[in-house]
Amino acid sequence: MMDKMQNAKTMEKKNVGNDKLRLLAVLKIMQRTDEDHPLTKNQIMNKVVEQGIEVSNIKTIAADLATLKDAGYDIVTNYSGSFMTDGQIFQNYELKILADNIANARYLPLEESEFIIERLREMATESGDEMIAATTIMDPKMKSKDITMKYKLDTLFRCIQKKKKVKFWYKKPGGERTVHYEVSPYALSLYEEEYYLTAAFAAGKSYSNTPFSFKVSRMERVEETDEPARKISEFGILSDGGGFADIQTYRRVMKNMWSGIQPREVVLRVEYLLADSKLVLSADRVKENGDGSFTVYMKSIVNTGLYQTLARYGDRVEIVKPEEVRKGYVEYLKRVLEVYEKEE
């Protein structure tokens, strides 16, 4: 008698566990349906059984669908079958946008990108899955070979969150020499498909009053330390004056990720064709001139980064003032021309 009772309890637990697994499986299956891709109860049952979960009969699936509807899921049933209208966390077009960004992220290795996109496709409906698979283009030649990137980013994000210093070895341009740094990290920024760390050296050391940008792809052996980071309020250019981070403003005055601490007002004449460019959209003030151009007032750290940024726009941008910045840009352009005017 005791054995029969024990067996009955075991079967009851097994059934309860199976019911939970089956209901969860039905939910996940329905989340991949939409109005164009409904499923009949037989089709749902077959998909559940394919996962190794027992289903006694089609009435069980009908009961599971009713349970999901009672729980608030919007499941519609018509002559074609059943589908869910609000089952997705993200809509298909949102998942497609995410997939495109992952595909074009140069800092992510090919295998990591493929893995993330596959997970995004699993969140889409059947039609969304097909759409993402058919329209997402990824160039393997443009993907990073650095398989440690996700670990570096995770460590850096964690140090920023915990306000701890971080140490790493940094490859100088050319990649032949590495230098050991320990810095206070403040922000990770995406710029032209690359991550950059905004950080500062220890107080009292060379350049300690200047925040710097470090390209994450050049970092090696990134490690968290136990030492607290310097307060961001020590840097007027990084904070709002009240001790709070103001990284977005800093990114606006720092051009092409070239660091500095003394932004100046620069006045530009910009052709109307560049009205929707970053140069105009990030300006402090814009005045329409009435001759097909704008006068753009912006604050910028004046260095090679500014000149590189302006050179992208060719003759559609002119520095009006300050005069020394205008002259500095001319000297920069002369150096560029010298490269092409050298005799072979």
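Since the structure is predicted, the reported quantities are computational estimates derived from the model, not experimental observations.

## Considerations on the overall build of the protein chain
A tally of helices and strands in the protein chain yields eleven helices and eleven strands. Within the protein chain, the proportion of its 344 residues that are buried is 39%. Considering only intrachain contacts with a sequence separation of at least 6, the fraction spanning at least 24 residues in the protein chain is 60%. Surface summary for the protein chain: the accessible area is close to 21200 Å², and the carbon and sulfur share equals 51%.

## Considerations on the pattern of salt bridges
The tally for this structure, following the rule as stated, stands at 20 salt bridges. Between Arg-106 and Glu-194 there is a salt bridge, with its nearest N and O atoms 3.8 Å apart. With a gap of 88 residues between them, Arg-106 in the loop between α4 (92–103) and α5 (110–122) and Glu-194 in strand β5 (residues 194–200) connect regions that are remote in the sequence. According to the relative accessible area criterion, Arg-106 is partly exposed, its value standing at 34%. In this structure, Lys-152 engages Asp-146 in a salt bridge whose closest nitrogen and oxygen atoms are separated by 2.6 Å. Among the charged side chains, a salt-bridge network with shared partners connects Arg-32, Glu-118, Arg-121 and Asp-129.

## Focus on the nonpolar core
Phe-168, Val-183, Leu-197, Phe-214 and Met-219 are the most contacted members of the largest nonpolar core, which totals 30 residues. Mapped onto this core, the elements with two or more residues apiece are α4, α5, α7 (149–162), β3 (164–171), β4 (178–191), β5 and β7 (219–228). Once you skip the residues sitting within four places of it in the chain, Phe-214 turns out to touch Phe-168, Tyr-170, Tyr-181, Val-183, Tyr-195, Tyr-196, Leu-197, Ala-199, Phe-201 and Met-219.

## Remarks on α7
Between its terminal C-alpha atoms α7 stretches 20 Å, which fits the 20 Å expected from 14 residues at 1.5 Å a residue. By the burial criterion, the buried members of α7 are Met-149, Lys-152, Leu-153, Thr-155, Leu-156 and Cys-159. Taken around the axis of α7, the buried residues stretch over an arc of 165°, which confines them to a single face. Exposed side chains of α7 directed beyond 90 degrees from the buried face belong to Tyr-151 and Gln-161. Where the residues of α7 are buried, they touch β3, β4, β5 and β7. Within two residues after α7, Lys-163 carries a phi angle of roughly 60°, on the positive side.

## Some points on the side chain of Thr-155
Of note, Thr-155 is situated in helix α7. Within the local environment of Thr-155, its side chain forms a polar contact with the backbone oxygen of Tyr-151, the two atoms lying 3.0 Å apart. Discounting residues that sit within four places of it in the chain, Thr-155 has contacts with Val-222, Glu-223 and Glu-224.

## Digging into the packing of helix α2 (residues 41–50) against helix α3 (residues 58–70)
The packing of two helices is summarised by the inter-axis angle and the distance between the axes. For the pair α2 and α3, the least separation of the axes is 9 Å and the interaxial angle reads 95°. It follows that α2 is roughly perpendicular to α3 by the angle criterion. Across the interface between the two elements, Lys-41, Asn-42, Ile-44, Met-45 and Val-48 of α2 pack against Ile-58, Ile-61, Ala-62 and Leu-65 of α3. Taken together, the residues of the contact of α2 with α3 sort by class into seven nonpolar, one polar and one charged.

## Notes on the pairing of β3
The sheet contact formed by β3 and β7 spans five bridges and is antiparallel. The residue of β7 that forms the bridge with Trp-169 is Glu-220. Bridge count between β3 and β4: six bridges; the pairing is antiparallel. For Phe-168, the partnering residue across the bridge sits in β4 and is Tyr-181.

## A word on the sheet that holds β5
As summarised here, the arrangement of the five strands in space is β6-β5-β4-β3-β7, forming an open sheet in which the pairing is antiparallel. Here the strands that pair on one side only, and so sit at the sheet edges, are β6 (212–215) and β7. Averaged over all adjacent pairs, the angle separating strand axes in this sheet is 50°, with direction ignored. Relative to the sheet, α7 contacts β3, β4, β5 and β7, its axis offset from that of β7 by approximately 20°.

## Here's the deal with the packing of aromatic side chains
Evaluated as defined, the whole model comprises 16 aromatic pairs. Ring geometry for Tyr-107 and Tyr-195: centres 4.8 Å apart, planes at 70°, overall edge-to-face. With a gap of 88 residues between them, Tyr-107 in the loop between α4 and α5 and Tyr-195 in strand β5 connect regions that are remote in the sequence. Where Tyr-170 meets Phe-214, the ring centres are 5.4 Å apart and the plane angle is 90°; that geometry is what we call edge-to-face. You can see Tyr-170 sitting in strand β3 and its partner Phe-214 sitting in strand β6, a full 44 residues away along the chain. Each of the two residues, Tyr-170 as well as Phe-214, counts as buried. Three or more aromatic residues link up through ring pairs in this structure, and these residues are Phe-168, Tyr-170, Tyr-181, Phe-201, Phe-212 and Phe-214.

Cut-off values and rules
- Residues numbered from 1 in each chain as written.
- Predicted model: local features only at pLDDT ≥ 70, side-chain atom pairs only at ≥ 80, totals over all residues.
- Heavy atoms only, no water.
- Helix = DSSP H or I, 4+ residues; strand = E, 2+ residues; numbered from the N terminus.
- Buried < 20%, exposed > 50% of the residue type's maximum accessible area, 1.4 Å probe, protein only.
- Contact = heavy atoms within 4.5 Å.
- Areas by Shrake-Rupley, 256 points an atom, 1.4 Å probe, with all protein chains shown as cover.
- Salt bridge = Lys/Arg side-chain N within 4 Å of Asp/Glu carboxyl O.
- Core = buried A, V, L, I, M, F, W, Y, C linked by side-chain atoms within 4.5 Å.
- Expected span 1.5 Å × (residues − 1).
- Arc of directions from axis to C-beta.
- Polar contact = N/O pair within 3.5 Å; in protein donor to acceptor, adjacent residues only side chain to side chain.
- Axes fitted to C-alpha atoms, helices over the stretch in contact; angles between N-to-C directions.
- Parallel < 35°, antiparallel > 145°, perpendicular 65-115°, else oblique.
- Nonpolar A, V, L, I, M, F, W, Y, C, P; charged D, E, K, R; others polar.
- Pairing = 2+ DSSP bridges.
- Phe/Tyr/Trp six-rings, centres within 6.5 Å; stacked < 30°, edge-to-face > 60°.

It is worth stressing that arrangement in space is one thing and function is another; only the former is reported here.
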